[in-house]
Amino acid sequence: MTFRFMRIVDDSLGMLLCGMLGAALQIKHLIVPSMRNIDKDKVRCILLQKYFGMGSIIHAIQLVKTLRRSYPNAKIVFLTTDAYKETVSICNIADEIITIRFSSIRFFIKDLIRIVLYLIKRKIDISVDLEFFAKFPMLISVLTFARVRLGLYHRKIRPEGIITHIVFYNFYKHISEIYRAYASALNIKEEFNTDILLPSFRGVSEESIRQKFNLSNAMKIITINVNAGDLFSFRKWPLHYFAELAKLLINKYGDYCYVFIGAKSEYAYVQKIVDMLDYRGENVINCAGKTTLKELFALLEMSYLVITNDSGPLHIASLYGKNIAAFFGPESPITYGPTNENALTFHSDNLYCSPCMCVYDSKKSLYAETCESNICLSSIKPHYVFEAIEKKFLR
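Scoring rules and cut-offs
- Residues numbered from 1 in each chain as written.
- Predicted model: local features only at pLDDT ≥ 70, side-chain atom pairs only at ≥ 80, totals over all residues.
- Heavy atoms only, no water.
- Buried < 20%, exposed > 50% of the residue type's maximum accessible area, 1.4 Å probe, protein only.
- Helix = DSSP H or I, 4+ residues; strand = E, 2+ residues; numbered from the N terminus.
- Phe/Tyr/Trp six-rings, centres within 6.5 Å; stacked < 30°, edge-to-face > 60°.
- Lys NZ or Arg CZ within 6 Å of the ring centre and 35° of its normal.

(A) Region of interest: helix α12 (residues 312-319). Buried residues dominate α12, accounting for 8 of its 8 residues. Among the residues making up α12, those that are buried are G312, P313, L314, H315, I316, A317, S318 and L319. Trailing α12 by a residue or two, G321 shows a phi angle of about 75°, which is positive.

(B) Representation of the packing of aromatic side chains in the model. Tallying each qualifying case throughout the model produces 21 aromatic pairs. Between the aromatic rings of F102 and F136, the centroid separation amounts to 6.0 Å while the plane-to-plane angle is 80°, which identifies the pairing as edge-to-face. Of this pair, F102 sits in the loop between β3 (96-99) and α5 (105-122) while F136 sits in helix α6 (residues 136-143); the two residues are 34 residues apart in sequence, bridging distant segments of the chain. Overall, F136 belongs to the buried group, its relative accessible area being 13%. For the pair F133 and Y169, a centre-to-centre distance of 5.9 Å together with 85° between the ring planes defines the contact as edge-to-face. Taken as a pair, F133 in the loop between β4 (126-129) and α6 and Y169 in the loop between β6 (165-168) and α7 (175-185) lie far apart in primary sequence, 36 residues in all. With a relative accessible area of 12%, Y169 lands in the buried category. An aromatic cluster of at least three residues, connected via ring pairs, comprises W237, Y241, F242, F327, F346 and Y384. The positively charged end of K236 is found above the aromatic ring belonging to Y269, 4.1 Å away from the centroid.

This is how it looks when you write it as structure tokens:
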């Protein structure tokens, strides 16, 4: 199933089913009021749902750790897709990970029936919906008979009656603060821990990574991420801009290792940029598709500077406290920007059309399914970026 097809089904059929179930639950609550407060010591199973977005999963770590402390007897089950199973595992935010396939309608229905029956047996006490206004996770929360159903709410997008503990979405807040509001909705008063929350893989992986890619111990690493994932690829800073920036950096700061990262499917795209450099030094490496996810975490942790589009590696680097230069256009840095102070964010404040990704409409561009011109990113010029990076990190 394509992402666009899933959006259409979720907006139409999902809205209809949620409206019917929500109305039925409201009537039931009037006749037989539901007990929506649970003794913390009696909570045995918490379900979390997040199907898309590495950044959101990573920023949910604080919330999950808070849930563990507040519900010490509960097991946490995380429902996601195969693409993010390893991310959830690495972040250590679940006792059990269940995946559902969206690749075809047949696989989806088969997995849905299996998962719902299994979750009913698990007796879910609290269902935490981490998605932005999708209806599918609301249906899962109801079908599993979770007594407490927590999620983002908007009356015109998500029908009333299903979510028992409402979090109103504030688009002026960072995603980590939004998830902090989830804890408040459950009447959890403790402060979030702001220490580095990601596990460290540098100690066990650095030596093997340096050998694998012939990275000198004497040279600091600048990691460059030119990708932005398949779902929202219009978040990419232009390819030739990355090449021009890399040339400027290499010509003046040739004593650094420049490591380009990406998935296996992105290798050719990354190689285009490397070829545009017209440089054959051993300190420029295309390692797209050549690292495991744990090695990618370790590489970002090893890096002196990470230059990146708005995507998963940005959030990993941010939680490791790395120096960052990040590009934003369709998405707002207010919601998904790096949280550490030693970071630069580049975005076009003077463009009316930016940002345009709308969480109320499945993160489509406000103006179309996707954006073709990307003027918000193409207006950020390489020489300007180079001067800002040099001033903040390289002098």
